[in-house]
Amino acid sequence: MWGGRFAGGPAAIMQRINASIGFDRRLYAQDIRGSEAHCRMLVRQKIIGAEDGRAILDGLARIRDEIERGDFPFREELEDIHMNVEARLAELIGDAAGRLHTARSRNDQVATDFRLWVRDAIDGMEAALAALQAVLIDRAEEHAATVMPGFTHLQAAQPVTFGHHLLAYVEMIGRDRGRLVDARRRLNECPLGAAALAGTSFAIDRFATAADLAFDRPTANSLDSVSDRDFALEFLSAAAISAVHLSRLAEELVVWTSAQFRFVRLSDGFTTGSSIMPQKRNPDAAELVRAKTGRVIGDLTSLLVAMKGLPLAYSKDMQEDKEPVFEATDTMELAIAAMTGMVRDMSVETETMARAAGAGFTTATDIADWCVRALDMPFRQAHHVAGRLVRLAEDRGCGLDHLSLADMRTVEPRLTEDARAVLAVASSVASRTSFGGTAPERVRAAVAAARDRWLAETAR
């Protein structure tokens with residue numbers, strides 16, 4: 001392809017380090033699609049003849065079929081997917097194949113292919129996250145009134161409902177989807193026609209090519225078009241944040257399935273056993289989701305480091321952009337699917353959750369709030385009263401709701417039976433009726449709102 005300038009061929013090690021066909025063959029559909037759009041534009045602009053254009057399009061269609069059948073002879077010496085396709089096109093249609101590369105470079109070609117691929121990956125990941133949201137929303141509705149302990153610092157804090165807890169992840173995943181949608185909108189500009197770095201002297205129509213490939217517009221600057229990969233970085237960033245959310249939920253599943261918690265039970269389909277301990281039921285799918293987050297974060301870091309010191313315009317370093325994106329996409333596809341299956345199939349141990357919800361004096365804030373409302377006590381003073389009641393219950397070895405009124409009045413004489421009533425877990429949960437709160441009525445309303453907010457648009 002560039003033999004006119006060189007008298008000899010590359011060294012064997014140079015050929016190995018330079019070749020990307022081992023991984024960029026995944027761009028074949030996008031590469032052929034971009035070439036078809038470029039060919040149609042060249043014919044319309046009378047840059048190449050209609051007969052050559054038809055031959056090129058027919059040849060590209062045959063190559064697509066060969067690749068999809070598994071009959072295409074990928075060759076490492078041709079370096080990449082672009083030259084593999086072009087060489088095969090020449091074998092099929094002869095000299096007309098050489099006209100396809102008029103008014104373009106591999107630089108704008110790969111930038112276009114990669115944007116098309118990332119765009120498709122975003123669409124797939126966003127749809128998978130929507131499916132996970134749907135499962136979480138269904139389980140949240142099922143458990144809108146299931147009481148469990150809420151934690152801060154992994155210490156029992158206040159009772160909440162399990163449905164409320166699951167809806168927290170619905171919100172996180174919704175933002176993950178939003179970041180992907182935003183990234184897609186920004187990347188949806190077409191670099192084709194920027195050529196190597198300076199544009200082209202041919203009378204091309206970049207707006208037509210962009211429209212043909214469903215881009216919103218052509219990129220505005222030819223240097224930027226071929227030299228930046230911020231669209232890939234933004235995609236990886238969104239994927240890494242989403243992976244962190246998956247990892248947090250995976251960690252909770254690991255904790256909740258332990259004998260010490262027994263809040264949920266994962267199905268046989270997402271657990272494994274032990275080769276030596278017959279009683280074991282290991283949450284391996286959750287643990288692997290948690291671990292794979294590191295791969296996605298590493299993929300983002302890898303591309304950030306590759307790009308950080310590059311002058312304009314294209315440098316061969318940028319060949320290293322695809323593998324981290326491919327790996328992160330594959331990893332996220334697997335992790336999202338595993339998490340969706342785990343949440344869908346898990347059994348919830350409601351009685352165990354309910355017992356745990358009252359442990360650790362989780363209704364102490366309720367007695368403080370009662371003092372503020374009923375006694376017009378400043379909250380800081382009420383907090384102090386509640387703290388002394390907790391210490392008293394600890395000394396007596398009982399829960400707050402098992403203290404007698406006489407005992408409670410040794411701390412604050414104005415306490416009444418109404419104060420004791422707020423210490424029940426069910427009362428505490430039901431009282432949290434503020435917007436976004438954990439009261440079952442609020443959770444049910446939030447479920448309906450989440451379906452409308454996150455899933456109705458997806459269905460449309």
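Residues numbered from 1 in each chain as written. Predicted model: local features only at pLDDT ≥ 70, side-chain atom pairs only at ≥ 80, totals over all residues. Heavy atoms only, no water.

> Please clarify how the overall build of the protein chain should be interpreted in this entry.
Scanning the protein chain from N- to C-terminus turns up 19 helices and 6 strands. Compactness check: the protein chain gives a C-alpha radius of gyration of 30 Å against a globular reference of 23 Å for 460 residues, more than 25% above the reference. With respect to the principal axes defined by its C-alpha atoms, the protein chain has extents near 100 × 55 × 40 Å. Counting only residues that meet the buried cut, the protein chain has 48% of its 460 residues in that class. Contacts spanning at least 24 positions in sequence make up 74% of the contacts within the protein chain whose residues lie at least 6 apart. Carbon and sulfur atoms make up 52% of the accessible area of the protein chain, which totals about 21900 Å². Each charge sign in the protein chain was given a centre, from 56 positive and 65 negative side chains, and these centres are 2 Å apart. (Helix = DSSP H or I, 4+ residues; strand = E, 2+ residues; numbered from the N terminus. Rg over C-alpha atoms; globule rule 2.2 N^0.38 Å. Buried < 20%, exposed > 50% of the residue type's maximum accessible area, 1.4 Å probe, protein only. Contact = heavy atoms within 4.5 Å. Areas by Shrake-Rupley, 256 points an atom, 1.4 Å probe, with all protein chains shown as cover. Lys, Arg positive; Asp, Glu negative; His and termini not counted. Charge placed at Lys NZ, Arg CZ, Asp CG, Glu CD.)

> Looking at this structure, how should I read the side chain of aspartate 113?
Among the secondary structure elements, aspartate 113 is positioned in helix 6 (residues 106-142). Buried charge without a partner: aspartate 113 forms no salt bridge, and the closest opposite charge is arginine 104, 6.6 Å away. Residues within four places of aspartate 113 in sequence aside, it is in contact with Leu27, Gln30, Asp31 and His82. (Salt bridge = Lys/Arg side-chain N within 4 Å of Asp/Glu carboxyl O.)

> Where do I start with the pairing of strand 2 (residues 155-161) in this structure?
Along a regular strand, successive side chains alternate from one face of the sheet to the other. Of the pairings in the sheet, the one linking strand 1 (residues 147-152) to strand 2 comprises 6 bridges and is antiparallel in character. Looking at the pairing, valine 147 lines up with threonine 161 of strand 2. Where strand 1 folds back on strand 2, the antiparallel hairpin that results is connected by 2 residues, among which histidine 153 adopts a positive phi of roughly 60°. (Pairing = 2+ DSSP bridges.)

> I keep staring at the packing of aromatic side chains and nothing clicks. Help me out?
Centre distance and the angle of the planes are the two values used to describe a pair of aromatic rings. Under the definition given, this model contains 6 aromatic pairs. On the basis of an interplanar angle of 55° and a centroid distance of 6.1 Å, the ring pair of phenylalanine 151 and phenylalanine 261 is categorised as tilted. Here phenylalanine 261 lies in the loop between helix 10 (230-256) and strand 5 (264-265) and phenylalanine 151 lies in strand 1, a separation of 110 residues in the sequence. A relative accessible area of 21% places phenylalanine 261 in the partly exposed class. One aromatic cluster is present, formed by Phe151, Phe261 and Phe263 through successive ring pairs. Between the NZ or CZ atom of arginine 25 and the centre of the ring of phenylalanine 74, over which it lies, the distance is 4.3 Å. Cation over ring: arginine 119 sits above phenylalanine 215, and NZ or CZ is 4.8 Å from the ring centre. (Phe/Tyr/Trp six-rings, centres within 6.5 Å; stacked < 30°, edge-to-face > 60°. Lys NZ or Arg CZ within 6 Å of the ring centre and 35° of its normal.)

> When you look at the nonpolar core in this model, what are you seeing that I'm missing?
The tendency in soluble globular proteins is for nonpolar side chains to be buried as a group. Core analysis: the biggest nonpolar cluster contains 91 residues, and Val118, Leu136, Phe162, Met339 and Met342 have the highest contact counts within it. A total of 16 residues in this core trace back to one element, the largest contributor, which is helix 10. Apart from residues lying up to four places away in sequence, leucine 136 is in contact with Leu166, Tyr169, Val170, Ile173, Leu249 and Val343. Ile367, Leu375, Val385 and Leu389 belong to the second-largest nonpolar core, a separate cluster that totals 23 residues. (Core = buried A, V, L, I, M, F, W, Y, C linked by side-chain atoms within 4.5 Å.)

> Got a minute to help me understand the packing of helix 14 (residues 364-375) against helix 15 (residues 379-396) in this structure?
To describe two helices that pack against each other, one gives the angle between their axes and the distance between the axes. Running from N to C, helix 14 and helix 15 point in directions that differ by 140°, and their axes come no closer than 8 Å. Taken together, the axes of helix 14 and helix 15 lie oblique to each other. The interaxial crossing formed by helix 14 with helix 15 has right-handed handedness. Residues Ala364, Ile367, Ala368, Asp369, Cys371 and Val372 of helix 14 pack against Phe379, Ala382, His383, Val385, Ala386, Leu389 and Val390 of helix 15. Looking at side-chain class alone, the contact of helix 14 with helix 15 contains 11 nonpolar, 1 polar and 1 charged residues. (Axes fitted to C-alpha atoms, helices over the stretch in contact; angles between N-to-C directions. Parallel < 35°, antiparallel > 145°, perpendicular 65-115°, else oblique. Left-handed = near helix turned anticlockwise from the far one by under 90°. Nonpolar A, V, L, I, M, F, W, Y, C, P; charged D, E, K, R; others polar.)

> Any chance you could explain the layout of surface pockets here in plain terms?
Taken as a whole, the largest pocket spans an internal volume of roughly 460 Å³. Along the walls of the largest pocket sit 20 residues, with Gly150, Phe151, Thr152, His165 and Glu252 positioned nearest its centre. Here the element with the most residues in the lining of the largest pocket is helix 10; it accounts for 5 residues. Taken together, the residues of the lining of the largest pocket break down into 10 nonpolar, 6 polar and 4 charged. (1 Å grid on protein atoms, 1.4 Å probe; cavity = no way out; pocket = protein on both sides within 12 Å on 5 of 7 lines; lining within 4 Å. Points joined across faces, edges and corners; volume = space filled by probe spheres on them.)

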